[in-house]
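# Fold and geometry: a report
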Amino acid sequence: MGRLEGLQDWEVKANDLIKAYPDRKASLLPLLHLSQEFWGCINEDVIDLISKKLKLTPSYVYGVASFYTMYHFERKGKIHIRICTNVSCQIKGAEEILKKLEEKLGIKEGGVSEDGKISIEKVECLGACDRAPVVMVNDHYEGPVDLEWVEKIVSQ
Amino acid sequence: MMEPILTKFVSDPESYTLKGYLKNWGFEGLKKALKMKPEDIIEEVKASGLRGRGGAGFPTGLKWSFVPKDFPGPKYIVINADEGEPGTFKDKVIIEKEPFMLLEGIAIAALAIGAEDAFIYIRGEFVEGARVLGNAIKEAEEEGYLGKNYLNSGKNLYVRITRGAGAYICGEETGLIESLEGKRGHPRLRPPFPATKGFLGKPTVVNNVETLSCLPHIISKGAQWFSSIGSNPKNSGTKLFPVSGDVKKPGVYEAPLGIPLKQLIEDYAGGFDGKPRAIIPGGVSAPVLDERDFEIPMDFDSLLNAKSMLGSGAIIVLNEKRCLFRSALRIVSFFAEESCGQCSPCREGTRWLELIMERIREGEGREGDLELMKDIASGMIGTTICVLSDGCAMSLLSFIEKFEEEFKMHIGEGKCQNW
Ligand SMILES: Cc1cc2nc3c(=O)[nH]c(=O)nc-3n(C[C@H](O)[C@H](O)[C@H](O)COP(=O)(O)O)c2cc1C
Ligand code: SF4
Ligand code: FES
């Protein structure tokens, strides 16, 4: 577990989170979020750490984490693009934008560019359909986006 | 156009601060509620006719009355801020612009059922919303509007935020509770209902953000005032309508329940963009409407009468240039992706429908496909733990029923020119 940098810091925050809930297990999702913020993904070391902290088995922690699409088991790109293709975005050209992104980056959705800089993920409705077609760049919403936007983000 | 209630001050740049909220609203509802008996709060909310804004439209006061009064031990309020129904983006407005209105509503609900602990479950992508809410809770606690002995009332209220992590099914109230408990978001069989056995097995009320945000106004201005707004006392108050798709000005608009659909689009959303052909009136789980229903009053009962539902109030307009088979397939794919997999009719049915429709898209439709789809969908209704399955089936059946020719054409020819 020596590879997890900033572990002490994590412990402090984790303890605060655990205290906030009437039941230890209820802090599992918050701890998964915290860990992903710290280390970029939920790898084996993280699963191990959380399971010890909450006195759960690693397979339980993995089983829960894998149910949720926002937890990643491998690092995403520095720029992680989530693109919505649900109805309101689809009719405004989201699939064409996704295709162009895939072409320009030479990767498929779900993948990470070779240099680790950009990743793309096709997602369901992002709750921002007034900005269709809408994407999230890391934690920020952008939209409506168009094919020109693809050129810009790819050249970054 | 009537003056909005919940969104009256959202363009005030200070609306999300305690200072702004005190200036604009001032916690009048909560102060009044603190002087009321819990059962009187429940009666007032019952009399207002308030129905849940999260999707099911269940009467809020009635739901609270199922919570056992003399339960020994904690009871919980859980706030549904998962906002995952495609087409929906209304709770976000309250969360980001009027977080104190939500907190005040939570406090009133907590008084009504006798809870000291509240948990807000907010969808994971709303990072900004979670930040604004977190700050609001902190500020309210520091200034004595929340926390121990808040407003010197002798009452306590502790509010925490849990972020979801990208699972639509966690918007379903028992899936949400499971998730909050640190589990996979698998909906629970009912009974028992959350009101008797919810979060950690304790009596729990789950309410939507918009529902709770109506409470300060109902308590401060009275049930009568609220029930006089809208179509009738069973469809009362205003509603936030998130409008997207083929309209000139997509956005969230607050209007009285019962406003005719076409008028809502024309007066608020800048009018239709192109000639409308199909409108989804309540998020993608709501059966689609065709032009015969474009004047329908947008309230719970009118939409039920038209074999659809108000759902979250999310309106998606599709104009005549859109391929409706494509939209229907996209909706089915959504449900296939989000089915939690517990029930076979849902897990298998959503996937099977998706496969058939993808085959049709590739030009390999077969005679009998329409009947096959109808048959599978019918078997998905009323047979599962939660209504995700029903939502998928009823949406598809409505598309087939109302736009049968278009489906037949696709079965014969695959993609159309509008794809
Ligand atoms: C599949 C599914 C998804 C749901 N998603 C949400 C949601 O994102 N937000 C919400 O408030 N209610 C959602 N609901 C409705 C909730 O189950 C529940 O009815 C609601 O939170 C109750 O609050 P209310 O009475 O204040 O509306 C969903 C229901 C189902 C079946
Ligand atoms: S109906 Fe579908 S989503 Fe609901 S519990 Fe069953 S499998 Fe899960
Ligand atoms: S459909 Fe794309 S954000 Fe809702």
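Let me begin by describing the structure that accompanies this report. (Residues numbered from 1 in each chain as written. Chains lettered and ligands numbered in written order. Predicted model: local features only at pLDDT ≥ 70, side-chain atom pairs only at ≥ 80, totals over all residues. Heavy atoms only, no water.)

Residues and elements named next belong to chain B. The strand order 3-2-1-4 describes an open sheet built from four strands, whose pairing is parallel. Strand pairing shows two members of the sheet lacking a second neighbour, strand 3 (158-163) and strand 4 (204-208), which therefore form its edges. Between one strand axis and the next, the sheet turns by 20° as a mean value, whatever way the strands run. Here helix 6 (residues 99-113) sits on the sheet in contact with strand 1 (76-81), strand 2 (117-122), strand 3 and strand 4, set at roughly 145° to strand 1. Each of strand 2 and strand 3 is contacted by helix 7 (residues 127-142), which is oriented at about 165° to strand 3, the strand it contacts most. (Pairing = 2+ DSSP bridges. Helix = DSSP H or I, 4+ residues; strand = E, 2+ residues; numbered from the N terminus. Axes fitted to C-alpha atoms, helices over the stretch in contact; angles between N-to-C directions. Contact = heavy atoms within 4.5 Å.)

Right, let's talk about the site of ligand 1 for a bit. All names here are of chain B. The environment of ligand 1 is formed by 18 residues, the closest being Gly54, Asn80, Asn207, Asn208 and Thr211. Contact distances for ligand 1 include 3.1 Å between an oxygen atom and a backbone N or O atom of glycine 84. A distance of 3.0 Å separates an oxygen atom of ligand 1 from a polar side-chain atom of asparagine 207. Starting from 610 Å² of accessible surface for ligand 1 in isolation, the protein chains cover 91%. With three residues, the top contributor of residues to the shell around ligand 1 is strand 4. Each residue belonging to the shell around ligand 1 can be placed in one class, and the counts come to four nonpolar, eight polar and six charged. (Near = heavy atom within 4 Å. Polar contact = N/O pair within 3.5 Å; in protein donor to acceptor, adjacent residues only side chain to side chain. Areas by Shrake-Rupley, 256 points an atom, 1.4 Å probe, with all protein chains shown as cover. Nonpolar A, V, L, I, M, F, W, Y, C, P; charged D, E, K, R; others polar.)

Each partner contributes to the interface: chain B provides 51 residues, whereas chain A provides 41 residues. The junction of chain B with chain A conceals about 3600 Å² of combined surface from both sides, 56% of it contributed by carbon and sulfur atoms. Between arginine 326 of chain B and glutamate 96 of chain A there is a salt bridge whose closest N-O contact spans 4.0 Å. Taken together, the connections running from chain B to chain A amount to 21 residue pairs in polar contact (both at pLDDT 80 or more). Those elements that provide at least two residues to the side of chain B that touches chain A are strand 2, strand 3, helix 8 (173-180), strand 7 (238-245), strand 10 (315-319) and helix 13 (324-338) of chain B. The leading source of residues in the side of chain B that touches chain A is helix 13 of chain B, at seven residues. The residue makeup of the side of chain B that touches chain A, split by class, is 23 nonpolar, 14 polar and 14 charged. (Buried area = accessible area lost by both parts, 1.4 Å probe. Salt bridge = Lys/Arg side-chain N within 4 Å of Asp/Glu carboxyl O.)

Quick look at helix 11 (residues 261-268) of chain B now. All names here are of chain B. For helix 11, the full list of buried residues reads Leu261, Leu264, Ile265 and Tyr268. Buried residues in helix 11, looked at end-on, bunch into an arc of 105°, giving them a common side. Looking at the packing, one finds that the buried side of helix 11 touches strand 7, strand 8 (251-256), strand 9 (276-280) and strand 10. Looking at the residues trailing helix 11, positive phi occurs at glycine 270, about 75°. (Buried < 20%, exposed > 50% of the residue type's maximum accessible area, 1.4 Å probe, protein only. Arc of directions from axis to C-beta.)

Next up on the list: helix 6 (residues 94-105) of chain A. All names here are of chain A. Compared with an ideal rise of 1.5 Å per residue, which puts twelve residues at 16 Å, helix 6 spans 17 Å between its outermost C-alpha atoms and is within 8% of the ideal. Where helix 6 is concerned, the buried positions are Ala94, Ile97, Leu98, Leu101, Glu102 and Leu105. Along the axis of helix 6, the buried residues cluster in a sector spanning 135°; they form a single face. Those residues of helix 6 that are exposed and aimed more than 90 degrees away from the buried face are Lys99 and Glu103. If you follow the buried residues of helix 6, they end up packed against strand 1 (79-84), helix 5 (87-90), strand 2 (118-123) and helix 7 (147-155). (Expected span 1.5 Å × (residues − 1).)

Residue and element names in this part refer to chain B. Relative to each other, helix 6 and helix 7 sit at 60°, their axes nearing to 9 Å. Our classification of the angle between helix 6 and helix 7 gives oblique. Of the two possible hands of crossing, helix 6 and helix 7 adopt the one that is right-handed. Note on element contacts: helix 7 touches helix 6 through Val132, Leu133, Ala136, Ile137, Glu139 and Ala140, opposite Pro99, Phe100, Leu102 and Leu103. Split by residue class, the contact of helix 6 with helix 7 holds nine nonpolar, no polar and one charged. (Parallel < 35°, antiparallel > 145°, perpendicular 65-115°, else oblique. Left-handed = near helix turned anticlockwise from the far one by under 90°.)

With that settled, consider the nonpolar core. One finds Ile50 and Tyr68 of chain A together with Met357, Met373, Leu396, Phe399 and Phe407 of chain B to be the most contacted residues of the largest nonpolar core, which totals 79 residues. It is helix 13 of chain B that contributes the most residues to this core, eight residues altogether. Each residue touching methionine 357 of chain B, except ones within four places of it in the same chain, is listed here: Phe325, Ala328, Leu329, Val332, Met373, Leu396 and Phe407 of chain B. Ranked by size, the runner-up nonpolar core spans 67 residues in total, among them Cys84 and Tyr141 of chain A together with Leu103 and Ile106 of chain B. (Core = buried A, V, L, I, M, F, W, Y, C linked by side-chain atoms within 4.5 Å.)

Before going further, it helps to spend a moment on the packing of aromatic side chains. On inspection of all chains with the given rule, the structure shows 22 aromatic pairs over all chains. Plain terms: the ring middles of phenylalanine 27 of chain B and tyrosine 145 of chain B are 4.5 Å apart, the flat faces sit at 25° to each other, and that makes the pair stacked. Separated by 118 residues along the polypeptide, phenylalanine 27 of chain B in the loop between helix 1 (18-24) and helix 2 (28-34) and tyrosine 145 of chain B in the loop between helix 7 and strand 3 bring together distant segments of the chain. Each member of the pair, phenylalanine 27 of chain B together with tyrosine 145 of chain B, is buried. What links up through ring pairs into an aromatic cluster is the set Tyr21 of chain A together with Tyr76, Phe119 and Phe199 of chain B. The ring of phenylalanine 126 of chain B is capped by arginine 123 of chain B, whose NZ or CZ atom sits 5.6 Å from the centre of that ring. (Phe/Tyr/Trp six-rings, centres within 6.5 Å; stacked < 30°, edge-to-face > 60°. Lys NZ or Arg CZ within 6 Å of the ring centre and 35° of its normal.)

So, on to the packing of helix 2 (residues 28-39) of chain A against helix 4 (residues 58-65) of chain A. All names here are of chain A. The N-to-C vectors of helix 2 and helix 4 enclose an angle of 80°; their axes lie 11 Å apart at closest approach. Classed by the angle they form, the pair helix 2 and helix 4 counts as roughly perpendicular. In contact with Leu28, Leu29 and Leu32 of helix 2, helix 4 contributes Tyr60, Val61, Val64 and Ala65. Its residues assigned to classes, the contact of helix 2 with helix 4 shows seven nonpolar, no polar and no charged.

Attention now goes to the site of ligand 2. Around ligand 2 sit 13 residues, and of these Cys340, Gln342, Cys343, Cys346 and Cys386 of chain B come closest. Grouping the constituent residues of the shell around ligand 2 by class yields eight nonpolar, five polar and no charged.

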